[in-house]
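Examining the three-dimensional arrangement
Listed below, chain by chain, are the residues.
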Amino acid sequence: MKREEVVKHTINCRYTLHDCPDKACDKRVQQWLAVSGKCWHFEQTCEYCEDKMEAASMADHINKKCTKNTTSCSDCGVTIKLSEVSQHRDGSCPEASVACKYVDYGCTHEALRKILGAHQDDCIYKVVAVVGDKVKAQEKQIEKLQKQTEDQERQIMELKEERRDCISWDDVFSLNNVQGGPKFKPTEAVMTIYEDMERRMEELKKELTDLEGRQTVMVLNQVMPIKDQITEIRSNLGILKMHMAWLMNKSREEVERSRLANRSVSSTSRTRGSSDSDGEAGPSTSRRLSDGSNGIPRL
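Residues numbered from 1 in each chain as written. Predicted model: local features only at pLDDT ≥ 70, side-chain atom pairs only at ≥ 80, totals over all residues. Heavy atoms only, no water.

Counting through the fold element by element, H41 comes out in the loop between α2 (31-34) and β3 (43-45). Taking the relative accessible area as the measure of exposure, H41 reaches 16% and is therefore buried. A polar contact is formed between the side chain of H41 and the backbone oxygen of R28, at a distance of 3.1 Å. Apart from residues lying up to four places away in sequence, H41 is in contact with C20, C25, K27, R28, V29, E54 and A56. (Helix = DSSP H or I, 4+ residues; strand = E, 2+ residues; numbered from the N terminus. Buried < 20%, exposed > 50% of the residue type's maximum accessible area, 1.4 Å probe, protein only. Polar contact = N/O pair within 3.5 Å; in protein donor to acceptor, adjacent residues only side chain to side chain. Contact = heavy atoms within 4.5 Å.)

Structure below.
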């Protein structure tokens, strides 16, 4: 099918996807359902297997996938799936009327499949079929070679258009136009181009390898000083930690000493205060009056 025919077919194909007619629905639906003007994206139950699915997929399920949607063959009466009716009639139904397999060579006989084998064994076109099969195989081979040749010529033209600035490639193509020069076949020209591309790829690989090596050396040269600096910083941090620990210990010792000094001073002051109070109270209690009355009033 030609490209323009494919475009026309796509426009009119009943299976082309379109936006759902319901503006509130953001899903797509096949064209033969979209013409109904309603949304088919709702849950529906299969009448045969009772599986639940969207109504938009129900027809495809019933015709191709449903295992319980069966029917009877109109020729032999056997029960088969609805989706396998065509396959059964075309391939295995014994009561189906089919043409002789040598119909392409001139035989017009038709019979039921179950008795057609006897005719095909004695068919007069059987001898012609042997030669015909060889001719068909040769025709297929010729078509294949023609297609390969067309593809090669197309690739050559594309490469020639893309690489017009490549002198060596242009020379390969221009040699055919030189009077008395060698004539190159399309395959030879393609091989020449392929070899040139391989050579260029090898050169690019070497350049990339050299570039990676240079970049690795540059990175190492930049990383090594950084490593030395990091080592020096770590050693300095260790020294700082030692100094900080020493200072913390000294500060703790000073705090402890000040606490002990305060405690000793407070205990000494308390001891002195108690002794002074005892000395003042003793003489006052032992003092007596000169008349021996001890302060008792006289009558």
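That was the structure; now back to the text.
This part is about unusual backbone geometry. A positive phi is found at E50, a non-glycine position, where the angle reads about 65°. Mapping E50 onto the fold places it in the loop between β3 and β4 (52-54).

On to the packing of aromatic side chains, then. Within the structure shown, the criterion is met by 0 aromatic pairs. Over the ring of Y15 we find R14; its NZ or CZ atom is 5.1 Å from the centre of that ring. For K38, the ring lying beneath its charged end belongs to W40, and the centroid distance is 4.5 Å. (Phe/Tyr/Trp six-rings, centres within 6.5 Å; stacked < 30°, edge-to-face > 60°. Lys NZ or Arg CZ within 6 Å of the ring centre and 35° of its normal.)

By the element assignment, T16 lies in the loop between α1 (3-12) and β1 (17-19). By relative accessible area, which is 18% here, T16 ends up buried. Leave out the neighbours within four places in its chain, and T16 touches T10, V29, Q30 and Q31.

Taken together, the side chains of V130, V131 and V135 make up a nonpolar region of the molecular surface, amounting to roughly 240 Å² of accessible area. Looking at where V135 falls in the secondary structure, it is placed in helix α6 (residues 126-162). Of the residues examined, V135 reaches a relative accessible area of 37% and is grouped as partly exposed. (Patch = residues over 30% accessible without salt bridge, like charges linked within 9 Å, V, L, I, M, F, W, Y side chains within 5 Å. Areas by Shrake-Rupley, 256 points an atom, 1.4 Å probe, with all protein chains shown as cover. Salt bridge = Lys/Arg side-chain N within 4 Å of Asp/Glu carboxyl O.)

Nothing here speaks to function; it is all geometry.
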